[in-house]
Amino acid sequence: MARFSVAAQTSRPAAGKPHPCDVCEVRDYSACAPLDAEEQKRLVAIMTPIEVPAHKPIFEESATADHVFNVTSGAVKIFKLLPDGRRQITGFLFPGDFLGLTHNDSYAYSAEALTATKLCRFPRRKLEALLQELPKLEQRLLGIASHELAAAQDQMMLLGRKSARERVVSLLLMLSNAAVRRGQAASPVALPMNRNDIADYLGLTMETVSRVLTQLKTKGLIQLLDEKQVRLAKPEALREIATGF
Amino acid sequence: MDQTLVTRLFDRGMIEQAFPLVSARTPGLTLDRWTRFALPHVTPRAGEPPRGLMAVQNHAGYILGLFVFGVRDDLDEGRVLWIENVVVPDMPGRDMIWAAVVDSVDRLATMNGCRAILADLPGDRDPGDEGAAWAAPFLKRCGYVLKANRALKRLRPQPVSAVVSPAMHTSR
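Residues numbered from 1 in each chain as written. Chains lettered and ligands numbered in written order. Predicted model: local features only at pLDDT ≥ 70, side-chain atom pairs only at ≥ 80, totals over all residues.

**Considerations on the interface of chain A and chain B**
Where the parts come together, the accessible area they lose is often given as the size of the interface. Counting from both sides, the interface comprises 26 residues of chain A and, opposite them, 24 residues of chain B. Elements represented by at least two residues in the side of chain A that touches chain B include exactly strand S8 (102-103), helix H2 (124-133), helix H3 (135-144) and helix H4 (147-159) of chain A. Top element by residues in the side of chain A that touches chain B is H4 of chain A. It accounts for 6 residues. The residue makeup of the side of chain A that touches chain B, split by class, is 14 nonpolar, 9 polar and 3 charged. (Contact = placed C-beta atoms within 7 Å. Helix = DSSP H or I, 4+ residues; strand = E, 2+ residues; numbered from the N terminus. Nonpolar A, V, L, I, M, F, W, Y, C, P; charged D, E, K, R; others polar.)

Structure, rendered in structure tokens:
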């Protein structure tokens, strides 16, 4: 049985309120972008908008995977439990990202909201049936799916970088690039995750992450606007660091 | 957005990148174990029949599928291309990944002068295992004939001292 967060609330539009799709900020770059009005209608017919409060689970690894999700606002962290009981954050997902990768009908990762997050929830089997009839959607999904997989592969490449500084800078640039893909500015970069999450994701200690950020700030490469925002003051220099120069 | 999938031979740098894909299929798999498995397949050896590890990548370079292949002499079929350890994630659009795998396998078989293709389907081969269940209809449509004549016996790990070489085994 799927173990959805009890906190996840469906949000069916009340009479007189606009449908979530009509005010969706990620519509132009999410899975449904290439669909025409009729196709969109069919997709919406099987979709349920849900809202998950910050720090609450969206789904858990190994739970029965009855649904897949499209993030429409907020931020999500995905993680796997290691054999020794520790958990490894494998990626961060943002509006437009699609998640729900499964193995033998179970979720391959756990997903938790970093901030108050809105998602479109689709019954997996119904969506697969619909994909047979909507090749445009299938192609689009393949192009963007699965973001869990892409995020985890990004992390593997990132962990292959040698120094803590290269890893931290690479993450900042990744987040910046992701923001640009969502039509946002490259800087400042939003950090909805805490330092502990960043450390876990990068395979570093929290102290090391904080120290590297302070070093980058001292050298004028970044500006720490607050706990959750970083301005990339010298993007070119940061890119050189990320590539090991 | 370009939706083209490409297949390419693995190089060493892709082994780590592929780990999230294979660990999603095989929970509990360690990076070390995966690397030890994959390395021999990306290391060409002169004088041996062709073999390798092939990746299916999307336009952004993410690995969405993989399979191990090799050429062998089969008593019944002659020179065959065999594929095994096929990893195609269970996600929307997986038929397109399978299509890229099948297309790549066909080309490999032709390139290597093979007379047939033998494919070991993904999944645990247990009745009702979903991994094999959804791959089977696709392969049938691609001209494969399913033969459910494989058997698997999992053995208990033995301490090294208890392993008996065939030469030491006698039956009276």
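**A closer look at the packing of helix H5 (residues 164-181) of chain A against helix H7 (residues 206-218) of chain A**
All names here are of chain A. Where H5 contacts H7, the two axes come as close as 10 Å, and the packing angle between them is 75 degrees. What the angle tells us is that H5 and H7 run roughly perpendicular. Contacts between H5 and H7 involve Ala 164, Arg 165 and Val 168 from the first element and Thr 208, Val 209, Val 212 and Leu 213 from the second. A per-class count over the contact of H5 with H7 returns 5 nonpolar, 1 polar and 1 charged. (Axes fitted to C-alpha atoms, helices over the stretch in contact; angles between N-to-C directions. Parallel < 35°, antiparallel > 145°, perpendicular 65-115°, else oblique.)

**Let's talk about the confidence of the model for chain A**
Interpretation of the predicted coordinates at a detailed level should be avoided for regions scoring low in pLDDT. When pLDDT is averaged along chain A, the result is 84, and 90% of the positions lie at 70 or above. Confidence drops under a pLDDT of 50 for residues 1-7 of chain A, and excluding neighbours within four residues, the segment shows 17 contacts in the predicted structure. (pLDDT = per-residue confidence, 0-100.)

**Remarks on the sheet that holds strand S5 (residues 116-119) of chain B**
Residues and elements named next belong to chain B. The 5 strands lie next to each other as S1-S2-S3-S4-S5, forming an open sheet whose pairing is mixed. The open sheet has two free edges, formed respectively by strand S1 (6-9) and S5, since each of these has just one partner strand. Adjacent strand axes in the sheet meet at a mean angle of 30 degrees, parallel and antiparallel pairs treated alike. The sheet contact formed by strand S2 (residues 51-57) and strand S3 (residues 63-74) spans 7 bridges and is antiparallel. Within S3, the residue paired with Val 56 across the bridge is Gly 65. Strands S2 and S3 of the sheet are contacted by helix H2 (residues 31-42), whose axis makes an angle of about 105 degrees with S2. (Pairing = 2+ DSSP bridges.)

**Comments concerning unusual backbone geometry**
At the junction of Ser 187 of chain A and Pro 188 of chain A, the peptide bond is cis and its omega measures out at 0 degrees in the coordinates. Tracing the sequence through the fold places Pro 188 of chain A in the loop between H5 and strand S12 (189-190). Its identity is not glycine, yet His 55 of chain A carries a phi of approximately 70 degrees, on the positive side. Mapped onto the secondary structure, His 55 of chain A falls in the loop between strand S2 (48-52) and strand S3 (57-59). Judged by the 13 C-beta atoms lying within 10 Å of it, His 55 of chain A falls in the partly exposed class. Even without glycine at this site, Asn 85 of chain B takes up a positive phi of about 50 degrees. For Asn 85 of chain B, the location among the structural elements is in strand S4 (residues 78-87). (Buried ≥ 20, exposed ≤ 12 C-beta atoms within 10 Å, placed from the backbone.)

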